[in-house]
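A look at the structure
So you can see what is in the structure, the chains are spelled out below.
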Amino acid sequence: MSQLFQIHPENPQPRLISQAVEIIKKGGVVVYPTDCAYALGCHLGDKSAVEKIKRIRKLDDKHNFTLVCRDLSEIGTYAKVNNSVYRLLKSMTPGAYTFILNATTEVPRRLLHPKRRTIGLRIPQNNIALQLMEALGEPIMSTSLIMPGEELPLIDPYEIRDLLQHEVDLVIDGGYCGMEATSVINLVDDVPVVIRRGAGDVSDFE
C-alpha cells in the first residue's frame, strides 16, 4: 500500500522531502504536486518505474515524457538549446508550460519520442516539486496524472491514494494545486508551435 505524506506547500518539511527522495531513488513511483496539477514521477534512470507509469496511464511508446527540472541550467543538460530558445525559456519559466525540445544524449533512449528524439522539459513554480528536485540532484521523470479515458488530472490526494494505493509507492498531499495540465509548446524548429492549450497563457505564441 502506498504511503501518504502531508507536506506543507509553502514550507516543505525537510525530513519528509528526504524520505520522498529516498523512495524515488529506490525505484518508487510518486504522486506529487506541481503548479498546475498532480503528476506521476519517478527516477529518470529507472526502467521498471517508467513502465509502471505507462501501465497506470495506459501510454504507448509515442508518448512524450517530461523531465521536470529545477532551473534553466538543468534544461541545458538534457536538451539542445540555442540562444533564442534560451531567451524564450528564461522569460517563460518557472511556469505552467512544457517545452518540447531536441534531446541530448543525457536523456535515456526509452524516454524519447521514438522517431523524433524529443523530450518535454518544464520548470514548475511549486515549492514541493522544486525541493524534491533539489534534494534529488536531478530532474524527475514525469507525466500529468490524467487517468485513461479522462481529460482532466486528478486533484484530491486522498482520492488518488484510494485509486492508486497498489500502483504507486507514495502520494504527497501538497494541498490544492490546480486541475489543468500545462500548455505544451514545441520548440524543436526554434519557432514556437502550440501543441496543447492548458494552464499557461499561450497568447504570445499564436
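Everything that follows concerns the structure shown earlier in this document.
Residues numbered from 1 in each chain as written. Predicted model: local features only at pLDDT ≥ 70, side-chain atom pairs only at ≥ 80, totals over all residues. Heavy atoms only, no water.

**Here we look at the pattern of salt bridges**
Under the convention used in this document: The rule for a salt bridge is simple: a side-chain nitrogen of Lys or Arg has to be within 4 Å of a carboxyl oxygen of Asp or Glu. Every helix listed is a DSSP run of H or I at least four residues long, and every strand listed is a run of E at least two residues long, numbered separately from the N terminus.
Summed over the entire model, instances satisfying the criterion amount to five salt bridges. The closest approach of N and O atoms between R122 and D35, which form a salt bridge, is 2.3 Å. Taken together, the positions of R122 in strand β6 (residues 118-122) and D35 in the loop between β2 (30-33) and β3 (38-43) put the pair 87 residues apart, joining distant regions of the chain. Close ionic contact of D169 with K52 constitutes a salt bridge, the shortest N to O distance being 3.8 Å. Pair noted here: D169 is in the loop between α6 (157-164) and β8 (170-173) and K52 is in helix α2 (residues 47-57), with a separation of 117 residues, a long-range link.

**Considering the side chain of E74**
Selection criterion: Contacts are assigned to residue pairs that have any heavy atoms within 4.5 Å of one another.
For E74, the position within the fold is in helix α3 (residues 72-78). In this structure E74 touches C69, G137, E138 and P139, once residues within four positions along its chain are discounted.

**Quick look at the side chain of E138**
Rule in force here: Distance and chemistry together define a polar contact, namely a pair of N or O atoms within 3.5 Å, with one atom able to donate a hydrogen and the other to accept it when in protein, and with adjacent residues in sequence counting only for side-chain atoms on both sides.
Within the secondary structure, E138 sits in the loop between α5 (127-136) and β7 (140-144). A polar atom in the side chain of E138 sits 2.6 Å from the side chain of H43. When residues no more than four places from it in sequence are discounted, the contact partners of E138 are H43, R70, E74, Y78 and M133.

**Thoughts on the packing of aromatic side chains**
The geometry of two aromatic rings is summed up by the distance between their centres and the angle between their planes. In plain terms, the rule: Aromatic rings from Phe, Tyr and Trp, taking only the six-membered ring of Trp, are treated as a pair when their centres fall within 6.5 Å; an angle between ring planes under 30 degrees marks them as stacked, one over 60 as edge-to-face, and anything in between as tilted. Each residue's exposure class comes from its accessible area (1.4 Å probe, protein chains only) as a fraction of the maximum for that residue type: buried when under 20%, exposed when over 50%, partly exposed otherwise.
Applying the stated criterion across every chain yields a total of two aromatic pairs. Each ring, one from Y97 and one from F99, has its centre 6.0 Å from the other, and the planes form 25°; the classification is stacked. Of the two residues examined, Y97 and F99, each falls in the buried class. Aromatic pair Y97 and F205: ring centres 6.3 Å apart, planes at 85°, arrangement edge-to-face. Of this pair, Y97 sits in strand β5 (residues 97-102) while F205 sits in the segment after β10 (193-196); the two residues are 108 residues apart in sequence, bridging distant segments of the chain. Across the pair, F205 and Y97 agree in class, each one buried. An aromatic cluster of three or more residues is present, and its members are Y97, F99 and F205.

**Notes on the sheet that holds β6**
In plain terms, the rule: Criterion used throughout: strands pair if DSSP finds at least two bridges between them. Angles here are taken between N-to-C directions and fall from 0 to 180 degrees, while the axes themselves are lines fitted to C-alpha atoms, restricted in helices to the stretch in contact.
Taken in spatial order, the 10 strands make up an open sheet running β1-β8-β2-β3-β7-β4-β6-β5-β9-β10, and their pairing is mixed. Each edge of the open sheet is held by one strand with a lone partner, namely β1 (3-6) and β10. Across the sheet, the mean angle separating the axes of adjacent strands is 35° when strand polarity is ignored. Relative to β7, strand β4 (residues 66-68) runs antiparallel, the two being bridged by three bridges. Paired with T66 across the bridge in β7 is S142. Along the sheet, α2 contacts β3 and β7; its crossing angle with β3, the most-contacted strand, is approximately 155°. Sheet strands in contact with α5 are β2, β3, β4, β7 and β8, and its direction is about 125° off that of β2.

All we've got here are geometric facts, nothing functional implied.
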